[in-house]
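One-letter residues, chain by chain:
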Amino acid sequence: MSDTESDTASSLGDIIEDASEADTTTFKCLFCDEQWSRVPDMLTHCKKEHTFDVEDNIKKLGQDVDELTIIKLVNYLRLESQKSIEPKDIKVDTETLADDKYLQPTLPDDALLFELGDLMPNPDSRVVDYDEYEAALQRNIGEGVEKLTLDNDRDVDYFESYKGNAIHREMIEDRVRTEGYRDFIEKNAELFKGKTVLDVGCGTGILSLFCARAGAKRVLAVDNSDIAKRARENIARNGYEDKIQVIQGRVEDFHTQRMIGKEKVDIIISEWMGYGLLFEGMLDSVLRARDLYLKEDGLMVPSHCTMRIAPISDKAWIEDASGEKFWKDVYGFDFSSMIPGGVLNDREIGVFDVPSKTISGEPCTFYQLDLKNIQIRDLDFTAPFSTKLGSDTASIEAFAIWFDTFFLPNPKTPGAAAVDIAKWGANGEPGLGFSTGPYSTPTHWHQAVLLLSEEDRKKEVKRDGTLKGRVAYKKPKRDDRGIDVTVEWEAEGAQGPVKGSLKRTMA
Ligand SMILES: C[S@@+](CC[C@H](N)C(=O)[O-])C[C@H]1O[C@@H](n2cnc3c(N)ncnc32)[C@H](O)[C@@H]1O
Ligand SMILES: [Zn+2]
């Protein structure tokens, strides 16, 4: 590339450099889930663990094999392996790799496609031209061609669900949420003045517009759903098209990386929270975006979340919520067989506005997320909790889980540190955060409710006693967007300790 070209060309080359410098970049094995920070180590592993010699296979393709063929090879090997074909049985030849359908990345964010150097048989072969690659992709992956990305059905449904108006209206109309973001931005406008902001999952563009109105220099608004088209219109209609650039795509995908360019951003803003905080798994994407695009001293908005749990002991409310009361007397008939199919049952997590009077113990913060530092692996966790039961609590019916969201301008400033986010839990401190708990204005997140088993609901606990336990969040295998929540608990009973446990899913 000549000097002039490198000045004007896309900054992809620099992104590649940045990505390989950052110690967070990992290369997924071609055949299993193991991750490696260096390509040669990954290749050695393929040889040893999967008896597949990648370099040997590439040699067979000839000295002059080009980068696009190597890209196809990577996608082809990953694809075959997804079909559970044993690595040693995968046939690699030029005819197979002539098919341009393998240009389509098999993994949505495959770092290996940006790091082909170690795979090229000839060290002098020219640097991969990603413009050429993208052009080829556009040409060849037209309508009707089998789509080969890891777009699993769940992801397709997920992004489809964000394409219509109703869901965005519901979110915007949730004033606790929208005004929580707005107040933070407007009360801290000096943080946004002249800054570059990345809005992960911009939806209609509302948060990007708040940032631009507060003085941000440039806002990158990314959304993979078709709502991005509306965002573009909303932004233009309000005269912000010179400040806000809408990119339709997954934030972690490489074409988004290209569009964003090599400059890192000062601020990442995102409204990623789901039921029970982590349902939908969008936080994974936000953390990937943080690792890819945020400056070292950049700001995450929001900056922290805390997760809280409290017991529920109100039998009448539970009977109502679980449908027990309704189905037990339908015009004089007993329709109890209908109860297990209700929204509150012994398999799934229910979502309700839990009246605060049903809460029978002190809410306890069991997990804190510092968005600047938390890792994706920390989102599968087990954490202890403890609560003091009320004086009229004789048994436990369910647990309620909710979260509070914080906007701290800079976690290092003394003022921010003085805020004890673990104890904070009320609405009405604009610019600081909001609670989605049963003591605050209801939000569209409501609270997650986990019903105890019928047997555990019968256990007698000591009034005024302590209830202790552990909460575990885990992503179910093969469903990154769901959550399995397990609660194990122990309380003082009339005759010694009483124990119970439950596992519920949100799917
Ligand atoms: C909860 S909505 C928030 C929308 C908007 N920011 C607001 O506050 O009204 C989340 C949005 O993120 C988008 N999204 C989720 N994961 C994404 C990803 N990995 N890449 C791009 N967009 C994503 C969804 O399509 C959805 O529109
Ligand atoms: Zn492997």
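Residues numbered from 1 in each chain as written. Chains lettered and ligands numbered in written order. Predicted model: local features only at pLDDT ≥ 70, side-chain atom pairs only at ≥ 80, totals over all residues.

An unreviewed UniProt entry annotates the chain as type I protein arginine methyltransferase of Bimuria novae-zelandiae CBS 107.79.

Caption draft 1: Inspection of the overall build of the chain at higher detail. Within the chain, the regular secondary structure consists of 19 helices and 17 strands. Sorting the 507 residues of the chain into buried and exposed places 37% on the buried side. Considering only intrachain contacts with a sequence separation of at least 6, the fraction spanning at least 24 residues in the chain is 74%. (Helix = DSSP H or I, 4+ residues; strand = E, 2+ residues; numbered from the N terminus. Buried ≥ 20, exposed ≤ 12 C-beta atoms within 10 Å, placed from the backbone. Contact = placed C-beta atoms within 7 Å.)

Caption draft 2: Seen up close, the nonpolar core. Cys 211, Ala 400, Val 449 and Leu 450 are the most contacted members of the largest nonpolar core, which totals 95 residues. A total of seven residues in this core trace back to one element, the largest contributor, which is strand β12 (residues 398–406). Viewed by domain, this core spans two of them, domain 2 (157–271) and domain 3 (304–506), each represented by three or more residues. For Leu 450, the contacting residues outside a window of four places in its chain are Ile 349, Ala 398, Phe 399, Ile 401, Val 485, Val 487, Leu 502 and Arg 504. Grouped together as the second largest cluster of nonpolar side chains are 22 residues, Phe 27, Met 42, Ile 71 and Leu 103 included. (Core = buried A, V, L, I, M, F, W, Y, C linked by C-beta atoms within 7 Å. Domains from an automatic or database assignment.)

Caption draft 3: Geometry of the sheet that holds strand β16 (residues 483–493). One open sheet holds the four strands; their spatial order is β11-β15-β16-β17, and the pairing between them is antiparallel. Strand pairing shows two members of the sheet lacking a second neighbour, β11 (381–388) and β17 (496–506), which therefore form its edges. Averaged over all neighbouring strand pairs, the angle between strand axes comes to 15 degrees, with direction disregarded. In the sheet, strand β15 (residues 466–474) pairs with β16 via eight bridges, with the strands oriented antiparallel. (Pairing = 2+ DSSP bridges. Axes fitted to C-alpha atoms, helices over the stretch in contact; angles between N-to-C directions.)

Caption draft 4: Here's a closer look at the site of ligand 1. Ligand 1 sits among 22 residues. The nearest are Tyr 162, Gly 201, Gly 203, Ser 225 and Ser 285. At the level of secondary structure, the elements contributing two or more residues to the shell around ligand 1 comprise α9 (165–173), α12 (206–213), β4 (218–223) and α15 (282–293). Residues of the shell around ligand 1, tallied by class, amount to eleven nonpolar, seven polar and four charged. (Near = placed C-beta within 6 Å. Nonpolar A, V, L, I, M, F, W, Y, C, P; charged D, E, K, R; others polar.)

Caption draft 5: Quick peek at unusual backbone geometry. Between Val 301 and the following residue, Pro 302, the backbone shows a cis peptide bond with an omega angle of 0 degrees. Unusually for a residue other than glycine, Leu 277 sits at a positive phi of about 70 degrees. Residue position: Leu 277 is located in the loop between β6 (265–270) and α15. Residue classification places Leu 277 among the buried positions, given that 26 C-beta atoms sit within 10 Å. One non-glycine residue with positive phi stands out, namely Tyr 331, at about 50 degrees. Within the secondary structure, Tyr 331 sits in the loop between α17 (324–328) and β9 (350–352). For Tyr 331, a count of 5 C-beta atoms within 10 Å gives the class exposed.

Caption draft 6: Broad picture of the pairing of β6. In terms of burial, β6 is a largely internal element, six of the six residues being buried. Strand direction decides the pairing type here: strand β3 (residues 196–200) and β6, joined by four bridges, are parallel. Counterpart to Val 197 in the pairing with β6 is Ile 267. The pairing of β6 with strand β7 (residues 294–301) spans four bridges and is parallel. By the bridge assignment for β7, Ile 267 is matched with Leu 299. Remark: the β6/α15/β7 crossover connection has right-handed handedness. (Right-handed = clockwise from strand over helix to strand, strands pointing away.)

Caption draft 7: Broad picture of α12. Here α12 lies mainly inside the structure; seven of its eight residues are buried. Positive backbone phi, at 115 degrees, marks Gly 215, one or two positions downstream of α12.

Caption draft 8: Representation of the sheet that holds strand β5 (residues 244–248) within the structure. Strand order in the open sheet formed by five strands is β5-β4-β3-β6-β7, with parallel pairing between adjacent strands. Two strands close off the open sheet at either side, each with one partner strand: β5 and β7. In this sheet, neighbouring strand axes are inclined to one another by 20 degrees on average, regardless of whether the strands run parallel or antiparallel. Packed on one face of the sheet, α12 meets β3, β4, β5 and β6 and runs near 180 degrees to β4.

Caption draft 9: Examining the UniProt feature "domain: C2H2-type" (unreviewed entry) in the chain more closely. In this structure's numbering, the residues bearing the UniProt feature "domain: C2H2-type" (unreviewed entry) are residues 29–50. Across residues 29–50 one finds 55% helix and 9% strand; the C-alpha atoms that close the span lie 10 Å apart. (UniProt positions renumbered as here; feature names shortened; annotations may be inferred.)

Caption draft 10: View of the environment of Ala 136. As for its placement among the helices and strands, Ala 136 is situated in helix α7 (residues 130–140). Among the residues examined, Ala 136 registers 16 C-beta atoms within 10 Å and is labelled partly exposed. Put simply, Ala 136 and Lys 101 are 35 residues apart on the chain and 10.0 Å apart in space, counted from C-alpha to C-alpha.

Caption draft 11: Focus on the packing of helix α10 (residues 175–187) against α12. Where α10 contacts α12, the two axes come as close as 9 Å, and the packing angle between them is 20 degrees. Comparing their axes, α12 and α10 come out roughly parallel. Relative to α12, the crossing made by α10 is right-handed. Across the interface between the two elements, Thr 178, Tyr 181, Arg 182 and Ile 185 of α10 pack against Ile 206, Leu 207, Phe 210 and Cys 211 of α12. Of the residues contributing to the contact of α10 with α12, the split by class is six nonpolar, one polar and one charged. (Parallel < 35°, antiparallel > 145°, perpendicular 65-115°, else oblique. Left-handed = near helix turned anticlockwise from the far one by under 90°.)

Caption draft 12: Examining the environment of Leu 294 more closely. Relative to the elements of secondary structure, Leu 294 occurs in strand β7. In the structure, Leu 294 is positioned 96 residues away from Leu 198 in sequence and 8.5 Å away in space, judged by C-alpha atoms. For Leu 294, the contacting residues outside a window of four places in its chain are Lys 264, Val 265 and Ile 268.

Caption draft 13: Structural view of the environment of Trp 445. As for its placement among the helices and strands, Trp 445 is situated in the loop between β13 (433–435) and β14 (447–451). The spacing of Trp 445 and Leu 277 is 168 residues in sequence and 8.4 Å in space, taken between C-alpha atoms. Contact partners of Trp 445, with chain neighbours within four places excluded, come to Met 273, Tyr 275 and Thr 436.

Caption draft 14: Just the confidence of the model for the chain, in detail. Scored by pLDDT, the chain comes out at a mean of 86, with 86% of its residues at no less than 70. Residue range residues 1–23 is modelled with pLDDT below 50. Its contacts to residues more than four positions away, or to other chains, number 20 contacts. This stretch, residues 414–418, has a pLDDT under 50; its non-local contacts, to residues over four places away or in other chains, come to four contacts. (pLDDT = per-residue confidence, 0-100.)

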